[in-house]
Amino acid sequence: MKSIIGVAIAFAMLSVAAYAVSDTWVAYNDCVYEAGQFIADNVTTFAIGRSNPHPEIGDLLKQSDGGNTGVMVTFSEFKTAGSLNWATDASAFDDGSDAADIFGDYVDPKGNISYGDAPGWYLDLIFEGLDPGGFYTFAGSVNRNGGADYAERVTNWKIMEADAFLYASSEDAHKIAEDSVEFSTGMNSAGYVAKWTNIAPGDDGKIVIRTSHSVGDDNGGIADAHESKGYAAGVFMLESQGPQAVGAIGKLATTWGEIRAAR
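Parameters at a glance
- Residues numbered from 1 in each chain as written.
- Predicted model: local features only at pLDDT ≥ 70, side-chain atom pairs only at ≥ 80, totals over all residues.
- Heavy atoms only, no water.
- Helix = DSSP H or I, 4+ residues; strand = E, 2+ residues; numbered from the N terminus.
- Buried < 20%, exposed > 50% of the residue type's maximum accessible area, 1.4 Å probe, protein only.
- Areas by Shrake-Rupley, 256 points an atom, 1.4 Å probe, with all protein chains shown as cover.
- Patch = residues over 30% accessible without salt bridge, like charges linked within 9 Å, V, L, I, M, F, W, Y side chains within 5 Å.
- Salt bridge = Lys/Arg side-chain N within 4 Å of Asp/Glu carboxyl O.
- Lys, Arg positive; Asp, Glu negative; His and termini not counted.
- Charge placed at Lys NZ, Arg CZ, Asp CG, Glu CD.
- Pairing = 2+ DSSP bridges.
- pLDDT = per-residue confidence, 0-100.
- Contact = heavy atoms within 4.5 Å.
- Phe/Tyr/Trp six-rings, centres within 6.5 Å; stacked < 30°, edge-to-face > 60°.
- Lys NZ or Arg CZ within 6 Å of the ring centre and 35° of its normal.
- Axes fitted to C-alpha atoms, helices over the stretch in contact; angles between N-to-C directions.

### Here's the deal with the overall build of the chain
Next, step 1: A tally of regular secondary structure across the chain gives 3 helices and 14 strands.
Next, step 2: Buried residues in the chain amount to 47% of all 263 residues.
Next, step 3: Accessible area of the chain: about 11900 Å², with a carbon and sulfur share of 52%.

Below is the structure:
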């Protein structure tokens, strides 16, 4: 009987593990790509803004093999006065920084999608088609590389419409709340990233990452940040971590309970 139990448990564990592996992938997007700059295979280039030559909507690809992830991304802009701009300013992330470690092998950080022309603008990066039973990781960053005079240009990143998530942004980034972080993107050679892990999208399979200017120091934002200037996008990564751990544990526990009851 013990050997049967052992085999059954091993089979259940292998089944869960196999399911988890089959549902894992990583996708990258370079929001400001132009011919001639570095980009790895199977990296998408969806973007928005004045002068943008790329689609604003499309399916993410698995970087490993180019397969369709089944996840669609859409850029949606809210304008106050003037639209966002797609610009190809040269930039880089410091070696060893969070952004360099996450993006360095896949995209060139050159370029940015810039701010609207008055306070209140924002850009929504909408992910749809996510597995309601899955966990995901998002990371994003941008660097205008404008020097000290551009340090006041701050971007606020906020995760929305997720059932659950875990804050995992760069250690020295300015945390507003579990769902919100900001840092200078006018000068971000230090390579800070906005990042959340264990994102549970909920039944609708949708999450939104909203970028805008700083929320202001009265609301917990960075002191002396510009009231409207901040860079909306540069590069982002979405990773499927596989099925939610609670679901996997539940399946294993159920199997173990059935085996015990049969003894």
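### Re a negative patch on the surface
Next, step 1: Where like charges cluster on the molecular surface, the negative patch consists of D94, D95, D98, D101, E171 and D172.
Next, step 2: Of note, D94 is situated in the loop between β4 (86–87) and α2 (98–103).
Next, step 3: The class for D94 is partly exposed, based on a relative accessible area of 41%.

### Section: the pairing of strand β8 (residues 154–160)
A regular strand carries its side chains on alternate faces of the sheet.
Next, step 1: The buried count for β8 comes to 5 of 7 residues, which makes it a mostly enclosed element.
Next, step 2: The pairing of β8 with strand β11 (residues 180–184) spans 5 bridges and is classified as antiparallel. Looking at β11, one finds that K158 is bridged to S180.
Next, step 3: Summarising the sheet, β8 and strand β13 (residues 206–213) pair through 6 bridges and their orientation is antiparallel. Looking at β13, one finds that I159 is bridged to I209.

### Here we look at the confidence of the model for the chain
Next, step 1: Looking at the chain as a whole, the pLDDT averages 88, with 84% of positions reaching at least 70.
Next, step 2: Overall, residues 1–21 carries pLDDT values under 50, and its contacts beyond four positions in sequence, including any with other chains, amount to 17 contacts.
Next, step 3: Segment residues 246–263 is flagged for pLDDT under 50; beyond a separation of four residues in sequence, or across chains, it makes 13 contacts in the model.

### Here's the deal with the packing of aromatic side chains
Next, step 1: On inspection of all chains with the given rule, the structure shows 10 aromatic pairs.
Next, step 2: Summarising the aromatic geometry, the rings of F78 and Y122 are spaced 5.0 Å apart at their centres and angled 10° between planes, so their arrangement reads as stacked. Highlighted residues: F78 in strand β3 (residues 68–78) and Y122 in strand β6 (residues 122–128), separated in sequence by 44 residues.
Next, step 3: Take Y122: its relative accessible area is 22%, and that puts it in the partly exposed class.
Next, step 4: Here a set of aromatic residues connected by ring pairs shows up, and it is made of Y28, F103 and Y106.
Next, step 5: In this structure, R153 packs its charged tip against the face of Y150, placed 4.0 Å from the ring centre.

### Regarding the sheet that holds strand β1 (residues 25–30)
Next, step 1: Taken in spatial order, the 5 strands of this open sheet run β1-β14-β7-β12-β9, and their pairing is antiparallel. At either margin of the open sheet sits one strand with a lone partner, and together these are β1 and β9 (164–167). Between one strand and the next, the sheet's axes are offset by a mean angle of 20°, whatever the strand orientation.

### Here's the deal with unusual backbone geometry
Next, step 1: Its identity is not glycine, yet N145 carries a phi of approximately 65°, on the positive side.
Next, step 2: Looking at the secondary structure, you find N145 in the loop between β7 (134–141) and β8.
Next, step 3: Positioned with a positive phi, D224 is a non-glycine residue whose angle comes to about 65°.
Next, step 4: Its location among the elements puts D224 in the loop between β13 and β14 (235–243).

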